[in-house]
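So you can see what is in the structure, the chains are spelled out below.
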Amino acid sequence: MQHSSIHWFRKGLRLHDNPALLAAATNCCRLHPLFILDPSSSRAGANAWRFLLDALRDLDGRLREMGSRLFVVQGCPEEVFPRLFHAWGTTQLTFEVDTEPGARQHDAAVAELAAQHGVEVIQEASHTLYNTERILALNDGKAPLTYKRLQSLLASLGPPEKPAPALTQEHLRGCCTPCQVSHDIDYGVPTLEELGQDPTKVGPHLYPGGETEALARLDVHMERTAWVCGFKKPETEPTSLSPSTTVLSPYLKFGCLSVRTFWWRLDEVYQGRKHSQPPVSLHGQLLWREFFYTAGASIPNFDRMVGNPVCLQVDWDDNPQHLCAWREAQTGYPFIDAIMTQLRSEGWIHHLARHAVACFLTRGDLWVSWEEGLKVFEELLLDADWSLNAGNWLWLSGSAFFHRYFHVYSPIAFGKKTDRDGAYIRKYLPILKDFPTEYIYEPWKAPRAVQERAGCLVGTHYPRPIVEHRAASERNMGRMKAARARRGTKREPPASPSAAKSQRKKPKIKQH
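Residues numbered from 1 in each chain as written. Predicted model: local features only at pLDDT ≥ 70, side-chain atom pairs only at ≥ 80, totals over all residues. Heavy atoms only, no water.

### Some details on the overall build of the protein chain
Stated precisely, the cut-off is as follows: Helix and strand labels come from DSSP, where a helix needs a run of H or I of at least four residues and a strand needs a run of E of at least two; each type is numbered from the N terminus. Values of the radius of gyration come from C-alpha atoms, whereas the globule rule sets the reference at 2.2 Å times the count of residues to the power 0.38. Exposure categories follow from relative accessible area, calculated using a 1.4 Å probe and restricted to protein chains: below 20% of the type maximum is buried, above 50% is exposed, and the middle band is partly exposed. Note on definitions: a residue-residue contact is assigned when non-hydrogen atoms from the two residues lie within 4.5 Å. The protein chains shown are the only cover counted for residues, whose accessible areas, like all others here, come from Shrake-Rupley with a 1.4 Å probe. As used throughout, the charge tally considers Lys and Arg to be positive and Asp and Glu to be negative, leaving His and the chain termini uncounted. Here the site of a charge means NZ on Lys, CZ on Arg, CG on Asp, or CD on Glu.
Counting its regular elements, the protein chain contains 22 helices and seven strands. The C-alpha atoms of the protein chain give a radius of gyration of 24 Å, which matches the 24 Å a tight globule of 512 residues would have. A principal-axis box enclosing the C-alpha atoms of the protein chain has dimensions of 80 × 50 × 50 Å. Sorting the 512 residues of the protein chain into buried and exposed places 56% on the buried side. Within the protein chain, contacts between residues separated by at least 24 positions form 78% of all contacts whose residues are at least 6 apart in sequence. Surface summary for the protein chain: the accessible area is close to 22000 Å², and the carbon and sulfur share equals 51%. Averaging the coordinates of the 61 positive side-chain charges in the protein chain and doing the same for the 56 negative ones gives two points 10 Å apart.

Structure, rendered in structure tokens:
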């Protein structure tokens, strides 16, 4: 029997390593590649929407080269599919497994609808290195809570599967995609305006979306063999004026780049060469992604504090003014404000920059809930992956996974480690560009005459610090210690023997 297939793109916006798409094309007489846009279901901002629309246009173009087209439909899946099943005479629906709780609910509802319409459903896991269900099964159905535990589980599974072949015209021989002259009107990729997004709010187009761009960027990085082999994430620079890492994370988030393809391309580079090792290597970064995906797939309420069994319960302050100042780059700390300005403008910031602003918002200075920071990142980041976003906020706020809560990122000293002259601040906060180097991180300390010569009066043109860092961090360390004491014996074990040793001592704030 030849099928009339719908392949439902969600993530996985690519033709390479897409086993569910290959399944749709097998024994198929009619193929409808489909993407369902539901603007109401996302917090994403204009930059992320632009990236997605780029990716959809690129996907449509690549399908055109195969003699097919992408069908973009707006609505929620449960309402869209019954109509399309009937209109297109569908007998088979394929899609990639999505481990996020909200997606699983949608998928279960869609699978039930498909069964009611006599449509066979095929799901394939390809957004992660491994099928997360296999990892969980090895760990008695529970998420591994340490990186080392994940590594031990993966060692028993062996290396990740090799990528599936990319879709070719040969796969589509004898298979047609019915298109009308009005296709672009009826099923074309919409504009930002049509999605209710303000195109004036997008920043510079530094990271165009799509599989074509993803594979080109991967090729460029894989040619840098010495850099790839020597890569150690903690040694990269958060203040670099051009990215010191790959910036492939948005392409992995949307599935424009297959994580398995990335893994095995790295493996080719590593062969026969001395290279860095997990957790700091590029392979190690992909395993961190796997770690948080596995946690997000199995820990209830992973993206919130209440009802989350691994999350420290903390009485965070409800301070809308502090949250707003942080979100709008008005804290009065130039390093923090420069990072938040880059985030809003470009949609990407270095992982250590994320550490600095997340620590500042939560346990470091402002004592605002990590859930509020998560929402802002979800709006502004191109790579706001649900599992990774939640997992990293849990980590950086000291709520889970990370226990050395007395290690605090200084909003003054940390940036100076890699950018003593403040070039990063001058780029993203041009109001401060003429301050002497000795005051660029602490402009409020500059004499008034210096401020006047710089053309920026602190308190008038740029805000004064909203908190005094040292006093705030010392107060917050006491509050964090109290929250952990309330948890008592329920606290997770320390991450390492050295951490355990340090916790037996009276904690002192250690400024990064």
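### Examining the nonpolar core
What counts is decided by this rule: Definition used in this section: a nonpolar core is a set of buried Ala, Val, Leu, Ile, Met, Phe, Trp, Tyr and Cys residues joined via side-chain atoms within 4.5 Å.
Formed by 139 residues in total, the largest nonpolar core has its most connected members in Leu13, Phe262, Phe302, Trp326 and Phe435. If you tally residues by element for this core, the top one is helix H2 (residues 46-65), at nine residues. Counting 16 residues, the second largest nonpolar core, distinct from the first, contains Phe71, Trp88, Phe95 and Val119.

### Describing the packing of helix H12 (residues 282-298) against helix H17 (residues 386-396)
Under the convention used in this document: The axes are straight lines fitted to the C-alpha atoms, using for helices just the contacting stretch, and the angles between their N-to-C directions are given from 0 to 180°. Geometric relationships in this document are graded by angle, where less than 35 degrees denotes roughly parallel, more than 145 denotes roughly antiparallel, 65 to 115 denotes roughly perpendicular, and other angles denote oblique. Residues were grouped as follows: Ala, Val, Leu, Ile, Met, Phe, Trp, Tyr, Cys and Pro as nonpolar; Asp, Glu, Lys and Arg as charged; and all remaining residues, including Gly, as polar.
For the pair H12 and H17, the least separation of the axes is 8 Å and the interaxial angle reads 95 degrees. With respect to their mutual orientation, H12 and H17 come out roughly perpendicular. In this structure, H12 uses Trp288, Arg289, Phe292, Tyr293 and Gly296 to contact H17, whose residues at the interface are Trp386, Ser387, Leu388, Gly391, Asn392 and Trp395. Split into classes, the residues belonging to the contact of H12 with H17 amount to six nonpolar, four polar and one charged.

### Quick look at the sheet that holds strand S2 (residues 28-37)
Strands in a sheet are paired, the pairing made by backbone hydrogen bonds, and the direction either parallel or antiparallel. Definition in use: Strand pairing is assigned whenever DSSP identifies at least 2 bridges connecting the two strands.
Strand order in the open sheet made by the five strands is S3-S2-S1-S4-S5, with parallel pairing throughout. Each end of this open sheet is capped by a strand with a single partner; those strands are strand S3 (71-74) and strand S5 (120-124). Looking at each pair of strands side by side, their axes are set apart by 25 degrees on average, direction ignored. For strand S1 (residues 3-9) and S2, the ladder comprises seven bridges, and the chain directions are parallel.

### A closer look at the pairing of S2
Defined as follows: Handedness rule for crossovers: strands pointing away from the viewer, path from the first strand over the helix to the second running clockwise, crossover right-handed.
By the criterion of burial, S2 is predominantly enclosed, with eight of the 10 residues buried. In terms of handedness, the path from S1 via helix H1 (residues 19-25) over to S2 forms a crossover that is right-handed. With four bridges connecting them, S2 and S3 associate as parallel partners. The residue bridging Ile36 from the neighbouring strand is Val73, located in S3. In this region the chain leaves S2, passes through H2 and returns to the parallel neighbour S3; the handedness of that crossover is right-handed.

### Remarks on the packing of helix H11 (residues 259-270) against H12
Heads up, the condition is: Take the far helix as the reference: if the near one is turned anticlockwise from it by less than a right angle, the crossing is left-handed, and if turned clockwise, right-handed.
At a minimum axis distance of 10 Å, the contact between H11 and H12 shows a crossing angle of 155 degrees. Of the possible angle classes, the one that applies to H11 and H12 is roughly antiparallel. Helix-helix and strand crossings are classified by hand; for H11 and H12 the assignment is left-handed. Here Val259, Phe262, Trp263, Leu266, Asp267 and Tyr270 of H11 lie close against H12, whose contacting residues are Leu282, His283, Leu286, Leu287 and Arg289.

### Section: H12
Here is the rule: Each residue after the first adds 1.5 Å to the expected span of a helix.
For H12, spanning 17 residues, the distance from its first C-alpha to its last is 25 Å, which sits close to the expected 24 Å at 1.5 Å a residue. For H12, the buried fraction is high: 15 of the 17 residues fall into the buried class.

### Concerning the state of the cysteines
The test is simple: Sulfur atoms of two cysteines make up a disulfide when they are within 2.5 Å.
The final tally for this structure, using the stated rule, is zero disulfides. For the unlinked cysteine Cys28, the closest cysteine sulfur is that of Cys175, found at 3.4 Å. In this structure Cys29 is not part of a disulfide, and its nearest cysteine sulfur, from Cys28, lies 5.9 Å away.

### Considerations on the pattern of salt bridges
What counts, and what does not: One side-chain nitrogen of Lys or Arg within 4 Å of one carboxyl oxygen of Asp or Glu is enough to make a salt bridge.
Under the defined criterion, the tally for this structure stands at 26 salt bridges. With a shortest N-O distance of 2.8 Å, Arg62 and Glu211 are connected by a salt bridge. Within this pair, whereas Arg62 is found in helix H2, its partner Glu211 is found in helix H8 (residues 211-222), the two being separated by 149 residues in sequence. A residue is classified by how much of its surface remains accessible, and Glu211, at 1% relative accessible area, is buried.

### Points about the side chain of Asp383
What counts here: Think of a polar contact as two N or O atoms within 3.5 Å of one another; within protein, one of them needs to be a possible hydrogen donor and the other a possible acceptor, and neighboring residues in sequence only count if both atoms come from side chains.
For Asp383, the location among the structural elements is in the loop between helix H16 (370-380) and H17. One polar contact links Asp383 to Arg354, side chain to side chain, over a distance of 2.9 Å. Not counting residues up to four positions away in its chain, the partners in contact with Asp383 are Ser249, Pro250, Lys253, Trp348 and Arg354.

### What to know about the environment of Arg64
With respect to the helices, strands and loops of the structure, Arg64 is situated in helix H2. In this view, Arg64 contacts Arg69 and Asp184; residues no more than four positions away in its chain are not counted.

### Notes on H8
In plain terms, the rule: Arc definition: it is the arc formed by the directions from the helix axis to the C-beta atoms.
Between its first and last C-alpha atoms H8 spans 16 Å; for 12 residues at 1.5 Å apiece the expected length is 16 Å, and the two agree. Within the span of H8, buried status applies to Glu211, Ala214, Arg217, Leu218, His221 and Met222. Axial view of H8: buried residues confined to an arc of 130 degrees, hence all on one face. Taken together, the buried residues of H8 touch H2, helix H9 (225-230), helix H10 (249-253) and H11.

### Quick word on the packing of aromatic side chains
Quick reminder of the rule: Aromatic pairing here means that ring centres of Phe, Tyr or Trp (its six-membered ring) are within 6.5 Å. Orientation follows from the plane angle: under 30 degrees is stacked, over 60 is edge-to-face, and everything else is tilted. Counted as over-ring charges are cases with an Arg CZ or a Lys NZ within 6 Å of the ring centre that also lie within 35 degrees of the ring normal.
Here the structure, examined in full by the defined rule, presents 33 aromatic pairs. A centroid spacing of 6.2 Å and a plane angle of 25 degrees characterise the contact between Trp395 and Phe402, whose relative ring orientation is stacked. The class for Trp395 is partly exposed, based on a relative accessible area of 23%. An aromatic cluster of three or more residues is present, and its members are Tyr147, Trp288, Phe291, Phe292, Phe302, Trp386, Trp395, Phe401 and Phe402. Positioned above the aromatic ring of Trp8, the side-chain terminus of Arg10 is 4.3 Å from the ring centre.

### Brief notes about unusual backbone geometry
That bond from Pro278 to Pro279 is cis: its omega, 10 degrees, falls within 30 degrees of zero. Following the sequence through the fold, Pro279 ends up in the loop between H11 and H12. Despite not being glycine, Asn27 shows a phi value in the positive range, around 50 degrees. Mapping Asn27 onto the fold places it in the loop between H1 and S2. For Asp140, which is not glycine, the phi dihedral falls at a positive 60 degrees. With respect to the helices and strands, Asp140 occurs in the loop between helix H5 (132-138) and helix H6 (147-157).

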